[in-house]
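An overview of the molecular structure
Chain by chain, the residues:
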Amino acid sequence: MFQLRATILAILASSSLAMGHSCVSGNCIALTQSYYPPGADCWEYKVPVTVTSENLVFDFPDWTDDYALEDFLALVTTRASAGYPSPVVGTKNETASYTIAASFCTPKVGSKKTVILATHGIGQPRSHWNSAYKPDEYNFVQYAINNGYSVWFYDRLGTGESEKVSGFTNQLRVQKAILVELAKLVKSGKFTGSFGKPDKLVVMGFSFGSFITHFAVAENPTIADAAVLTGISYNTSAINANGLVRSFVPRIASLQNPRLFGTLDPGYLTWVDVFSQINTYFKYPFYDIPTSSYCEEYKQPFGIGEFLTITDGDFDASGFTGAALAIAGKNDYIVCDGECEGVYEEPARTIWKNAKFTPYLHPNASHNFNFHRNATGAYEVITSFLKTNGL
Ligand SMILES: *[C@@H]1O[C@H](CO)[C@@H](O)[C@H](O)[C@H]1NC(C)=O
Ligand SMILES: *[C@@H]1O[C@H](CO)[C@@H](O)[C@H](O)[C@H]1NC(C)=O
Ligand SMILES: *[C@@H]1O[C@H](CO)[C@@H](O)[C@H](O)[C@H]1NC(C)=O
Ligand SMILES: CC(=O)N[C@H]1CO[C@H](CO)[C@@H](O)[C@@H]1O
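Residues numbered from 1 in each chain as written. Chains lettered and ligands numbered in written order. Predicted model: local features only at pLDDT ≥ 70, side-chain atom pairs only at ≥ 80, totals over all residues. Heavy atoms only, no water.

Going by an unreviewed UniProt entry, the protein carries the name AB hydrolase-1 domain-containing protein and comes from Cylindrodendrum hubeiense.

1. Examining the environment of Val202
To keep things clear, this is the line we draw: Strands here are runs of E lasting at least two residues and helices are runs of H or I lasting at least four, both read from the DSSP assignment and numbered beginning at the N terminus. Whether two residues touch is decided by their heavy atoms; if any such pair falls within 4.5 Å, the residues are in contact.
Position of Val202 among the secondary structure elements: in strand E7 (residues 200-206). The spatial distance from the C-alpha of Val202 to the C-alpha of Ala323 is 9.2 Å, given a sequence separation of 121 residues. Leave out the neighbours within four places in its chain, and Val202 touches Thr114, Val115, Ile116, Leu117, Ala226, Val228, Leu386 and Leu391.

2. A short note on the site of ligand 2
Applied cut-off: Near is defined per residue: the residue qualifies when any heavy atom it owns lies within 4 Å of the molecule or strand. The definition of a polar contact used here is a pair of N or O atoms within 3.5 Å, where within protein one atom must be able to donate a hydrogen and the other to accept one, and adjacent residues in sequence count solely through side-chain atom pairs. Residue burial considers only the protein chains on display, and all accessible areas are found by Shrake-Rupley using a 1.4 Å probe. Residue polarity follows a fixed list, in which Ala, Val, Leu, Ile, Met, Phe, Trp, Tyr, Cys and Pro are nonpolar, Asp, Glu, Lys and Arg are charged, and the others, Gly among them, are polar.
Close to ligand 2 lie Asn235, Ser237, Gly342, Val343, Glu346 and Pro347, which account for all nearby residues. Contact distances for ligand 2 include 2.8 Å between an oxygen atom and a backbone N or O atom of Gly342. With respect to ligand 2, the backbone of Pro347 contributes an N or O atom lying 3.5 Å from an oxygen atom. The fraction of the free accessible surface of ligand 2 (360 Å²) that becomes covered by protein chains is 45%. Its residues assigned to classes, the shell around ligand 2 comprises two nonpolar, three polar and one charged.

3. A word on helix H6 (residues 208-219)
Filter applied, for reference: One less than the residue count of a helix, multiplied by 1.5 Å, gives the span that helix is expected to have. Each residue is assigned to one of three classes by its accessible area relative to the maximum for its type, calculated with a 1.4 Å probe on protein chains only: buried under 20%, partly exposed between the two thresholds, exposed over 50%.
The terminal C-alpha atoms of H6 lie 17 Å apart, and with twelve residues this matches the ideal 16 Å at 1.5 Å per residue to within 8%. Within H6, eleven of the twelve residues are buried, which leaves it mostly tucked inside the rest of the structure. Phe208, Gly209, Ser210, Phe211, Ile212, Thr213, His214, Phe215, Ala216, Val217 and Ala218 are the residues of H6 that are buried.

4. Remarks on the state of the cysteines
So the rule is basically this: Two cysteine sulfur atoms form a disulfide, by the criterion used here, when they sit within 2.5 Å.
This model, assessed by the stated rule, comprises two disulfides. Across the disulfide, Cys42 is cross-linked to Cys105 (sulfur-sulfur distance 2.2 Å). Across the S-S bond of Cys42 and Cys105 the torsion is about 115°, and the bridge reads as right-handed. Of this pair, Cys42 sits in strand E3 (residues 40-58) while Cys105 sits in strand E4 (residues 88-107); the two residues are 63 residues apart in sequence, bridging distant segments of the chain. A relative accessible area of 1% means that Cys42 is categorised as buried. On the basis of relative accessible area, Cys105 is assigned to the buried category, the value being 0%. Two residues share a disulfide in this structure: Cys336 and Cys340, whose sulfurs sit 2.0 Å from each other. Judged by the sign of its S-S torsion, about 95°, the cystine formed by Cys336 and Cys340 is right-handed. In this structure Cys295 is a free cysteine whose sulfur lies 19 Å from that of Cys340, the closest cysteine sulfur available.

5. Regarding the nonpolar core
Under the convention used in this document: Nonpolar core, defined: a set of buried Ala, Val, Leu, Ile, Met, Phe, Trp, Tyr and Cys residues in which side-chain atoms within 4.5 Å join the residues together.
Trp152, Leu182 and Trp352 are the most contacted members of the largest nonpolar core, which totals 116 residues. Top element by residues in this core is helix H5 (residues 172-187). It accounts for ten residues. Those residues in contact with Leu182, other than ones at most four positions away along the chain, are Val47, Val49, Ile100, Leu117, Trp152 and Tyr154.

6. Considering the pattern of salt bridges
Operational definition: When a carboxyl oxygen of Asp or Glu lies within 4 Å of a side-chain nitrogen of Lys or Arg, that pair is called a salt bridge.
For the structure shown, the criterion picks out twelve salt bridges. Among the salt bridges present, the one from Arg156 reaches Glu306, with a minimum N-O distance of 2.7 Å. Taken together, the positions of Arg156 in the loop between strand E6 (150-154) and H5 and Glu306 in helix H12 (residues 304-307) put the pair 150 residues apart, joining distant regions of the chain. The residues Arg156 and Glu306 share a single accessibility class, namely buried. One salt bridge in this structure joins Lys299 and Glu296, with 2.9 Å as the shortest N-O distance. For the residue pair Lys299 and Glu296, the accessibility class agrees, reading buried in each case. One connected set of salt bridges, linked through shared partners, spans Arg126, Asp155 and Glu161.

7. As for the site of ligand 3
Close contacts around ligand 3 come from Tyr360, His362, Pro363, Asn364, Asn374, Gly377 and Val381, and that covers them all. Tyr360 is positioned with one of its side-chain polar atoms (N or O) 2.6 Å from an oxygen atom of ligand 3. His362 has a polar side-chain atom sitting 2.7 Å from an oxygen atom of ligand 3. Of all the secondary-structure elements, those providing two or more residues to the shell around ligand 3 are strand E13 (356-362) and helix H15 (375-388). Tallied by class, the residues present in the shell around ligand 3 amount to three nonpolar, four polar and no charged.

8. Quick word on the confidence of the model for the protein
The following threshold applies: The predictor rates its confidence in each residue with pLDDT, a number between 0 and 100.
Of all residues in the protein, 93% have pLDDT values of 70 or greater, and the mean over the chain is 93. Taken together, the stretch residues 1-19 has pLDDT below 50 and engages in seven contacts with residues farther than four places along the chain or on a different chain.

9. Concerning the packing of aromatic side chains
Describing an aromatic ring pair means giving the distance of the ring centres and the angle of the ring planes. For clarity, the threshold we go by: Pairing of aromatic rings covers Phe, Tyr and the six-membered ring of Trp, with a centre-to-centre limit of 6.5 Å; geometry is then stacked below 30 degrees between planes, edge-to-face above 60, and tilted otherwise. For a lysine, the NZ atom is tested; for an arginine, the CZ atom; a charge sits over a ring if that atom is within 6 Å of the ring centre and within 35 degrees of the ring normal.
All chains considered together, the criterion is met by 32 aromatic pairs. Ring centres of Phe248 and Phe307 lie 5.4 Å apart, and the angle between their planes is 80°; this geometry places the pair in the edge-to-face category. Of this pair, Phe248 sits in helix H7 (residues 241-248) while Phe307 is found in helix H12, placing the two residues 59 residues apart along the sequence. Assessed through its relative accessible area of 4%, Phe248 is described here as buried. Overall, Phe307 belongs to the buried group, its relative accessible area being 16%. One aromatic cluster is present, formed by Phe58, Phe60, Trp63, Phe72, Tyr84 and Phe168 through successive ring pairs. The cationic tip of Lys112 hangs over the ring face of Tyr149; the distance from NZ or CZ to the ring centre is 5.2 Å. The aromatic ring of Phe195 is capped on one face by Lys113, whose charged end is 4.0 Å from the ring centroid.

Structure, rendered in structure tokens:
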């Protein structure tokens, strides 16, 4: 009996090692993410950050039902918007503290000293990088780990297990300030388990997370050695903003799914159904239906303030002299209105004029290429880019 108990304890101990650790100020708790790559040691953290930013002050008609939301969306996306007051009424300097939920994974063997700090987009939270579904096909963290890279990935403010704020005030500027703070913490070797200080830091994003990452690096060129921007484009003439809002078909998240989103205020929206996500994020026939269902099941809402501030910043990144990769699905619906060929190089090269800049169009995929069939093809482009640039 005693022997059996000891054996069970030993198995539990070794399996918890295999799954990694989760420690908050020295106290270790159960891991929250449903999957971690088997070749990695992983840790979870609740990271306190205090940031100051000059934020946009909005004046939305603070809707509480979908009728009022639809009226607002119809007004701002049609000819009727002429004369409609801008929802931005000023700016305000604000200092605030938040708790950010994060994971850090490093290869069990053969680790380089480069850490990739990843910021997800609108849709999946940090699991965007760490798919529990068919990880061999979709999991970026696992692919990076197998190539010797360590990955630090977090739930953005208002998503997943990070602190929640109002969807009427959450916005890019706050999240940019948070990313700058996180980059400093990771570079100084905080919240990196037994890995310590990285030699090199790569900041990486997807979609809204790429715009956050872009502006963070453009304004603070020394926070990272390289930038990898997925699901981004800089040619705003190829963005069809009204068409996008219409095909997102937003609904108040807490009303759509009270069980999952009931604690979020009505400033948090989500697309109406899986087909609306497919319309905007996927390209037929280059994805599998169960994969798009997985993405729908694990989606997170977005704040209206985030949606309206996706491109809120000065794009000029001429102060950055490291390596930068901008990569999008060739058929990206969101940032290229369905076809990136011919509009991807400019103004991207001008914006990154002093960087070692690579633009890349990944074939047979729309916006969310991490969940299309050939995702690992794109991951190979990303890790090769890093290797080529000595990272
Ligand atoms: C916010 O602070 C910056 C830096 O101190 C200052 O330049 C700016 O005018 C301030 N903005 C507002 C709205 O007070
Ligand atoms: C967008 O791409 C087109 C085609 O290359 C180009 O003519 C246009 O100048 C680009 N827009 C900007 C803002 O650079
Ligand atoms: C898979 O992705 C890679 C990298 O973008 C590309 O070179 C290759 O042609 C793609 N294969 C298919 C079948 O789309
Ligand atoms: C099956 C299919 O349509 N594959 C396409 C993938 O992308 C390449 C490059 O654009 C095309 O040549 C293939 O036809």
